[in-house]
Amino acid sequence: MNENTTQRLNIEAVKRIAETVRTTLGPLGMDKMMVDGGGNVIVTNDGATILREVDTAHPAAKMVVEVSKMQEANAYDGTTSTVVLASQLLSNSEGLFAKGLHPNVINKGYTAARNMAVEYLEGMECANGGLLAIAKTAITGKSLEASEDKVAELCVETIDAVGHARNVKTLAAPGGSLSDSYLFRGVVLNKDFIGGGDEFDNWANEEGVDILLLNNGLTEAPDSPNVSVQVDASSYGKVQTMGRDKLLSSAKAIVSSGAKVVVLRDGAHDTAVAYLRKQGISVIQRVPESTLRRLSKELKCPIHMIPDSTCSTGVGFITKENYNGVSYLFVHSSNTESTLVLFGATQSTLDEVQRGFDDALGVVSLIKNGDSIRYGGGSTYLAIAMHLREQASTVGGRAQMAIESFADALEIIPATIAENAGFDPLDTVLEMRHKRANMQIDETMPTFYGPDVENGGVMEMTGVYEPTSLIRCAISGATEVANAILRIDDVIGRRGSE
Ligand code: ADP
Ligand code: MG
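Residues numbered from 1 in each chain as written. Chains lettered and ligands numbered in written order. Predicted model: local features only at pLDDT ≥ 70, side-chain atom pairs only at ≥ 80, totals over all residues. Heavy atoms only, no water.

Q: Describe the pairing of strand E9 (residues 314–323), listing the residues and the values that go with them.
A: Pairing of strand E6 (residues 209–214) with E9, which is carried by three bridges, proceeds in the antiparallel orientation. Looking across to E9, one finds that Asp-210 is bridged to Val-315. Once E9 ends, the chain turns through two residues before running back antiparallel as strand E10 (residues 326–332), passing Asn-324 with a positive phi of about 55 degrees. (Pairing = 2+ DSSP bridges. Helix = DSSP H or I, 4+ residues; strand = E, 2+ residues; numbered from the N terminus.)

Structure below.
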């Protein structure tokens, strides 16, 4: 394949994938419904989620999916913007190819533009937005917008309490109303005790109970499951008794540790459970290792592999709740861990609620941890574009054409937000440019204008705020993936792949 064909095909693949998320951008973006072969349905407005679920065989499209994941990991939000921008950068490069620019020159121009953009972004006027407005901007257009005040407040309260988005887990419980959602200081297991835990009532729960964490199970399976032994019928019985003996001695060791509750990563055999329950010990099984680690932090006790009498336990308080027929165990002690308990009508709306919460928690967390605030609605992208157009001529040679194309590409963000709200993208962008140019002449004028998604035209973006790092990551990620794709001049099947 010659160079141009490969690049054209790669660019086409990226455009196609960007097309699937483009219409979700902004407050009036639409949702997507995705159905898999098993008939499972996801309804979402979240770019990263859509891209995760879409079947992409094309390697260039996969690179774009990767960059959207990076955006989510670094900035929690802005995934659709990143993909739409990457696609527009590639699309504009086609015009540059047509004018005879070599991919290397485009790369150089795009990189220079990215550097200028980031520098300008950092020095730009900070918006004085509150955390509530930041959270609300992240959730506008999502299904939880109806309760945006409650959601924003809960997000800010949560980050105030726990410091960082990574310190909080969200747990979604179907049934109930979103407005009943709350922050629990501790760990919530979406489990019950084996057998329902009648012995549970006997604990002195006011003083807390001793909890033992085991990164193991209580099963008869031999320690090394890969070893196979051939036995006749009579020795088989012996092997079984041996297994049972081992099981019982593990159970006795748990009793001697003084624990009243044992939390297992793996399953538990009926014999062991029956023995333990008779001794008044409740068993929770199949708890993921990550949750065990959270419990270990909350209870300030180690996780053990093998139970014995010297095993240290942690003292915690456990309460059992039942939401809509599903049991949950609430464990708390030192309140180091936090769980946001979310309620929603159905599982599929709840997943979307959870995604919205994760975005909003993330952006609030960024600001709380030192990030600054910029105006949203694509107004910051447009301001950078105007700056780049002014600066392009300071760069020598043909690269300045690439810088101008880069500037044009940035304006796809406000243009798409306007278009998705049903208004003319070009008129909106032109009016935004006009306002900004006037503002630069008269600095007392209001600052940032973006698309008015209700009435058309433009309006001040007061109250529409984003973290600076979200915009920086989106621009950098989009540039990097566009550059990488432009540098590819051939796609070769690897040995071993189909
Ligand atoms: P992303 O996945 O990129 O976050 P979204 O669908 O969440 O995509 O849309 C985010 C864009 O919508 C941001 O540019 C944000 O500033 C903008 N936006 C949010 N609220 C408003 C609003 N009220 N008016 C105009 N733009 C808004
Ligand atoms: Mg968003």
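There's plenty left to go through after this.
Q: Please provide a residue-by-residue account of the packing of aromatic side chains, values included.
A: Applying the stated criterion across every chain yields a total of seven aromatic pairs. Between Tyr-110 and Phe-406, the aromatic rings sit 5.7 Å apart at their centres with planes inclined by 65 degrees, giving edge-to-face as the arrangement. Taken together, the residues Tyr-110 in helix H5 (residues 103–123) and Phe-406 in helix H13 (residues 399–410) connect sequence positions 296 residues apart. Of the residues examined, Tyr-110 reaches a relative accessible area of 0% and is grouped as buried. Aromatic pair Tyr-323 and Phe-343: ring centres 4.9 Å apart, planes at 90 degrees, arrangement edge-to-face. On the criterion of sequence distance, the pair formed by Tyr-323 in strand E9 and Phe-343 in strand E11 (residues 338–344) is long-range, its members being 20 residues apart. The burial state of Tyr-323 is the same as that of Phe-343; both residues are buried. Every member of this aromatic cluster is reached through a ring pair, and the members are Phe-184, Tyr-323, Tyr-328, Phe-330 and Phe-343. Its end group placed over the ring of Tyr-449, Lys-435 keeps NZ or CZ at 5.0 Å from the ring centre. (Phe/Tyr/Trp six-rings, centres within 6.5 Å; stacked < 30°, edge-to-face > 60°. Buried < 20%, exposed > 50% of the residue type's maximum accessible area, 1.4 Å probe, protein only. Lys NZ or Arg CZ within 6 Å of the ring centre and 35° of its normal.)

Q: Can you lay out the sheet that holds strand E7 (residues 261–264) for me, pointing to particular residues and giving the numbers?
A: Reading across the sheet, the six strands line up as E5-E10-E9-E6-E7-E8 and stay open at both edges, with mixed pairing between neighbours. Lying at the two open borders of the sheet, with one neighbouring strand each, are strand E5 (187–189) and strand E8 (282–284). Here the average twist between neighbouring strands, direction ignored, is 35 degrees. For E6 and E7, the ladder comprises four bridges, and the chain directions are parallel. Considered in E7, the bridge of Ile-211 is made with Val-261. (Axes fitted to C-alpha atoms, helices over the stretch in contact; angles between N-to-C directions.)

Q: Help me get a handle on the packing of helix H12 (residues 379–391) against H13, residues and values and all.
A: Their axes nearest at 8 Å, the elements H12 and H13 cross at an angle of 165 degrees. The orientation of H12 with respect to H13, classified from their angle, is roughly antiparallel. Here H12 runs over H13; the crossing is left-handed. Facing H12, whose interface residues are Tyr-381, Ile-384, Ala-385, Leu-388 and Arg-389, H13 presents Ile-403, Phe-406, Ala-407, Asp-408 and Leu-410. Taken together, the residues that form the contact of H12 with H13 break down as eight nonpolar, no polar and two charged. (Parallel < 35°, antiparallel > 145°, perpendicular 65-115°, else oblique. Left-handed = near helix turned anticlockwise from the far one by under 90°. Contact = heavy atoms within 4.5 Å. Nonpolar A, V, L, I, M, F, W, Y, C, P; charged D, E, K, R; others polar.)

Q: Which residues make up the nonpolar core, and what are the values?
A: By size, the foremost hydrophobic cluster in this structure holds 91 residues, and its most contacted members are Phe-357, Leu-388, Phe-406, Leu-410 and Ile-475. Ignoring anything within four residues of it in the chain, the contact list for Ile-475 reads Leu-85, Arg-114, Ala-117, Tyr-381, Ile-384, Phe-406 and Leu-410. Cys-301, Ile-318, Leu-329 and Val-331 belong to the second largest nonpolar core, which has 17 residues in total. (Core = buried A, V, L, I, M, F, W, Y, C linked by side-chain atoms within 4.5 Å.)

Q: Describe the pairing of E11, with residues and values.
A: The element E11 is extensively covered by neighbouring structure, given that seven of its seven residues are classed as buried. Of the two faces of E11, both are covered, the one formed by Ser-338, Leu-340, Leu-342 and Gly-344 as well as the one formed by Thr-339, Val-341 and Phe-343. Across seven bridges, strand E3 (residues 168–174) lies against E11 in parallel orientation. Bridging across to E11, Lys-169 finds its partner in Thr-339. Pairing of strand E4 (residues 182–185) with E11 involves four bridges; the strand directions are antiparallel. Its bridge partner lying in E11, Leu-183 is registered against Leu-340.

Q: Run through the pattern of salt bridges, naming residues and quoting values.
A: Once their charged atoms are close, side chains differing in charge can pair, the charge on each being opposite to the other. A full pass over the atoms with the stated rule returns 19 salt bridges. Note that Lys-15 is salt-bridged to Glu-94, the shortest N-O span being 3.0 Å. Of the two residues, Lys-15 is situated in helix H1 (residues 3–22) and Glu-94 in helix H4 (residues 79–98); the sequence distance between them amounts to 79 residues. For Glu-94, a relative accessible area of 24% puts it in the partly exposed group. For the salt bridge of Glu-419 with Arg-22, the shortest nitrogen-to-oxygen distance reads 3.4 Å. Of this pair, Glu-419 sits in helix H14 (residues 412–420) while Arg-22 sits in helix H1, and the two are 397 residues apart along the sequence. Three or more residues are tied together by salt bridges with common partners; here these are Arg-389, Asp-408, Glu-411 and Arg-433. (Salt bridge = Lys/Arg side-chain N within 4 Å of Asp/Glu carboxyl O.)

These figures come from the coordinates and say nothing about function on their own.
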